[in-house]
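# Fold and geometry: a report
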Amino acid sequence: MKLKNISYFFILFLSVTTCAQDKNTINTKNSYEIVVPELNNPWGFAFLPDHSILITEKEGKLIHFKDNLKTVISGLPEIYVRGQGGLLDIALHPNYKDNGWVYFAYASPKGEERGGNTAIMRAKIKNNTLVNKQLLYKATPNTTRGQHFGSRIVFDVNGYLFFTIGERGNRDVNPQDLTRDCGKVYRLKDDGTIPKDNPFVNVANAKTAIYSYGHRNPQGMELHPITKDIWTHEHGPRGGDEINIIKPGKNYGWPTITHGKNYSGTKITDKTAKKGMEQPLHYWTPSIAPSGMAFISSNKYGDWKGNLLVGSLKFNYLDRCVLKDGKVIKEERLLDDIGRIRSVEEGPDGFIYVGVENLGIVKLTRS
Amino acid sequence: MIKYRFIITFGATLLFSCYSEKKKTTAESIRTQDFVSGKQVYDDFCINCHMVNGKGVPNIFPPLASSDYLMSKREESIRSIKYGLKGPIEVNGKKYNGVMAQQGLSNKEISDVMNYITNSWNNKNVELVTENEVSKVQQ
């Protein structure tokens, strides 16, 4: 092939890939060990005090993995498995050792209308069955739309329960309206009651569990190990995935301001900033489709300590984000091409564990 | 001189590759207006992987536009939407070894979306899929 032909080839190749790929460099000095094999879609997982793992499978299965054995925990509520909905995140009460409460998020068909919406339940596990089930929150109304259920669950240092619900594919109605569920970050007490000082308790007809609004679909949430702030990331449409630090009562702008476009390539808005709306700490264009989030707080990975890790569903890698002065100053691809990354956690041993669709849960190693 | 040409073609191709989608969708929406309910299902459940132009994502999500798989394997395609699809397949001479999860659609929604995708992006299918046909497809 002549040089010129090669360059045309190159152009063609680039033009096919430019719109779809991002530019983050690949780090090859890392690998993984499979810890839990053969999972379909490990949406969330949590380590119990004995270091065994509770795993949610999106299709509606709760698994206890102990001594290399998977046991199915029975007694889940009815789950609306459709589109992006199913059994979602799982988290333990900060005092799990004493009280045994397990919290999980799921798409629920409960209610009058057809369809489903995101719910939060807590329960205890006895003889591999869920008991003492308490429904703490159920977003309304139901809808048959397949998108944007959220959801991640995190407890902050004061024991408050935070969770996210996406805007359920109804962006012009839900995220900016405080009287409606969806497109919000929520805060409850651990028993599901509403804290007296929630930001919108005095707003007429507001859903008082709301803590912040103007979100699209947050599928990552984590407590910063030092500042103890709540960090989230969320899916943008085409471009405009964001990282945010969640503050009470704030409006994060969707869909009034965004760096993203419609899937068709048409504009959603000209605005990327507006008074009274928060700017993201970081945004991704093109979208990486972020799911799962963890900070490296241990010393297990040397100078990666303090980095933020974000899973990419779309490009099949773990995004290592180096933070400095409240900004992402560098990004790098770890576990490149591993598969769709759904969940990321730092284990009690300080190692990073990653839930990958159709692979399982793996432990990140640095060489 | 060659260098110039290179740069110009390069730029033009890049621009073209990013903007061409826009024009096509307007033309498409006119042509496929009979399949609105199927388009709704597509926009809700398929678009984030198979993309607005039906071309998928290179090496990751196979195309539906001019897909020999979709257009010649009718029952397999219905089955893949109804129950999910996993393992090696070949679409237009390219190999894929991914997983498509079951979306939890009703038989009516599956027939609607099949009729939309088999009649969009230059695909043409006059023998429309019925709800009854979908109901008979077994795993």
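About the thresholds
Residues numbered from 1 in each chain as written. Chains lettered and ligands numbered in written order. Predicted model: local features only at pLDDT ≥ 70, side-chain atom pairs only at ≥ 80, totals over all residues. Heavy atoms only, no water. Helix = DSSP H or I, 4+ residues; strand = E, 2+ residues; numbered from the N terminus. Buried < 20%, exposed > 50% of the residue type's maximum accessible area, 1.4 Å probe, protein only. Contact = heavy atoms within 4.5 Å. Areas by Shrake-Rupley, 256 points an atom, 1.4 Å probe, with all protein chains shown as cover. Axes fitted to C-alpha atoms, helices over the stretch in contact; angles between N-to-C directions. Parallel < 35°, antiparallel > 145°, perpendicular 65-115°, else oblique. Left-handed = near helix turned anticlockwise from the far one by under 90°. Nonpolar A, V, L, I, M, F, W, Y, C, P; charged D, E, K, R; others polar. Pairing = 2+ DSSP bridges. Phe/Tyr/Trp six-rings, centres within 6.5 Å; stacked < 30°, edge-to-face > 60°. pLDDT = per-residue confidence, 0-100. Core = buried A, V, L, I, M, F, W, Y, C linked by side-chain atoms within 4.5 Å. Salt bridge = Lys/Arg side-chain N within 4 Å of Asp/Glu carboxyl O.

## A short note on the overall build of chain B
Across its full length, chain B holds seven helices and four strands. Along chain B, helices and strands appear, N-terminal first, in the series α-α-α-α-α-β-β-β-β-α-α. Here chain B holds 139 residues, and 43% of them are scored as buried. The contacts of chain B with a sequence gap of at least 6 include a subset with a gap of at least 24, amounting to 61%. In the structure as shown, chain B presents an accessible area of about 8100 Å², 57% of it carried by carbon and sulfur atoms.

## Focus on the packing of helix α5 (residues 74-83) of chain B against helix α6 (residues 107-117) of chain B
Residues and elements named next belong to chain B. Their axes nearest at 10 Å, the elements α5 and α6 cross at an angle of 130°. The orientation of α5 relative to α6 falls into the category oblique. Crossing handedness for the pair α5 and α6: right-handed. Between α5 and α6, the contacting residues are Arg74, Ser77, Ile78, Ile81 and Lys82 on the first element and Asn107, Ile110, Val113, Met114 and Ile117 on the second. Counted by class, the contact of α5 with α6 contains six nonpolar, two polar and two charged residues.

## A look at the environment of Pro237 of chain A
Looking at the secondary structure, you find Pro237 of chain A in the loop between β16 (230-234) and β17 (241-246). Sequence-distant contacts of Pro237 of chain A, defined by excluding residues within four places in its chain, comprise Arg216, Trp254, Thr258, Gly260, Lys261, Tyr263, Ile268 and Ser287 of chain A.

## Quick look at the sheet that holds strand β2 (residues 30-37) of chain A
All names here are of chain A. Read from one edge of the open sheet, four strands run β2-β25-β24-β23, paired in antiparallel fashion. Edge positions in the sheet fall to β2 and β23 (341-346), since each of these pairs with one other strand and no more. Pairs of neighbouring strands in the sheet enclose a mean axial angle of 30°, with direction left out of account. Here strand β24 (residues 352-356) pairs with strand β25 (residues 360-366) via four bridges, running antiparallel. Bridge pairing in β25 links Tyr353 to Lys363.

## So, the side chain of Arg82 of chain A
Checked against the element boundaries, Arg82 of chain A lands in the loop between β6 (69-73) and β7 (87-92). In contact with Arg82 of chain A, other than residues within four places in its own chain, are Thr144, Gly146 and Phe149 of chain A together with Phe45, Gln103, Gly104, Leu105, Ser106 and Glu109 of chain B.

## Things to note about the packing of aromatic side chains
All names here are of chain A. Applying the stated criterion across every chain, the model contains 15 aromatic pairs over all chains. Relative to Phe155, the ring of Tyr103 has its centre 4.9 Å away and its plane inclined at 80°; by these criteria the two rings are edge-to-face. Of this pair, Tyr103 sits in strand β8 (residues 102-108) while Phe155 sits in strand β11 (residues 153-155); the two residues are 52 residues apart in sequence, bridging distant segments of the chain. Phe155 carries the same exposure label as Tyr103, and that label is buried. One aromatic cluster in this structure is built from Phe45, Phe47 and Tyr353.

## Describing the side chain of His93 of chain A
With respect to the helices, strands and loops of the structure, His93 of chain A is situated in the loop between β7 and α2 (96-99). With residues up to four places along the chain from it excluded, the contact list for His93 of chain A reads Asn99, Trp101, Tyr103, Phe155 and Asp190 of chain A.

## Focus: the confidence of the model for chain A
Here chain A shows a mean pLDDT of 94. Residues at 70 or above account for 94%. This stretch, residues 1-19 of chain A, has a pLDDT under 50; its non-local contacts, to residues over four places away or in other chains, come to 20 contacts.

## As for the nonpolar core
Burial of nonpolar side chains together is a common tendency in soluble globular proteins. Counting 27 residues, the largest nonpolar core has Ile120, Tyr137, Ile153, Leu161 and Phe163 of chain A as the members making the most contacts within it. Not counting the four nearest positions on each side in its chain, Leu161 of chain A is found in contact with Tyr103, Ile120, Leu136, Ile153, Val154, Phe155, Tyr186, Arg187, Leu188 and Lys189 of chain A. Core analysis: the second largest hydrophobic core is formed by 22 residues, Phe45, Ile81, Ile110 and Val113 of chain B among them.

## Brief notes about helix α2 (residues 36-45) of chain B
Turning to α2 of chain B, its buried residues number three or more, namely Gly38, Val41, Tyr42, Asp44 and Phe45 of chain B. Here the buried face of α2 of chain B lies against α3 (47-50) and α6 of chain B.

## Some points on the pattern of salt bridges
Pairing of side chains with opposite charge becomes possible as their charged atoms draw close. All names here are of chain A. One pass over the full model with this rule turns up 20 salt bridges over all chains. Salt-bridge contacts for Lys247 lead to Asp229; the nearest nitrogen and oxygen are separated by 3.4 Å. Linking Lys247 in the loop between β17 and β18 (282-284) with Asp229 in the loop between β15 (218-223) and β16, this pair joins segments that are 18 residues apart in sequence. Among the ionic pairs, Arg320 bridges to Glu332, the shortest N-O distance being 3.0 Å. On the criterion of sequence distance, the pair formed by Arg320 in strand β21 (residues 317-324) and Glu332 in strand β22 (residues 327-334) is long-range, its members being twelve residues apart. By sharing partners, the salt bridges in this structure join Arg320, Lys330 and Glu332 into a single network.

## Considerations on unusual backbone geometry
All names here are of chain A. With omega at 5°, the peptide bond leading from Gly150 into Ser151 counts as cis. Among the secondary structure elements, Ser151 is positioned in the loop between β10 (129-138) and β11. Going from Thr285 to Pro286, the amide bond is cis rather than trans, its omega being 0°. Tracing the sequence through the fold places Pro286 in the loop between β18 and β19 (290-295). With a phi close to 55°, Glu38 is a non-glycine residue in the positive phi region. Mapped onto the elements, Glu38 comes out in the loop between β2 and β3 (42-47). Non-glycine residue Asn128 carries a positive phi angle of around 60°. With respect to the element layout, Asn128 can be found in the loop between β9 (117-126) and β10.

## Some details on α6 of chain B
Burial of α6 of chain B is extensive: nine of the eleven residues sit out of reach of the surface. Check the buried side of α6 of chain B and you find it contacts α2, α4 (68-72), α5 and α7 (131-136) of chain B.

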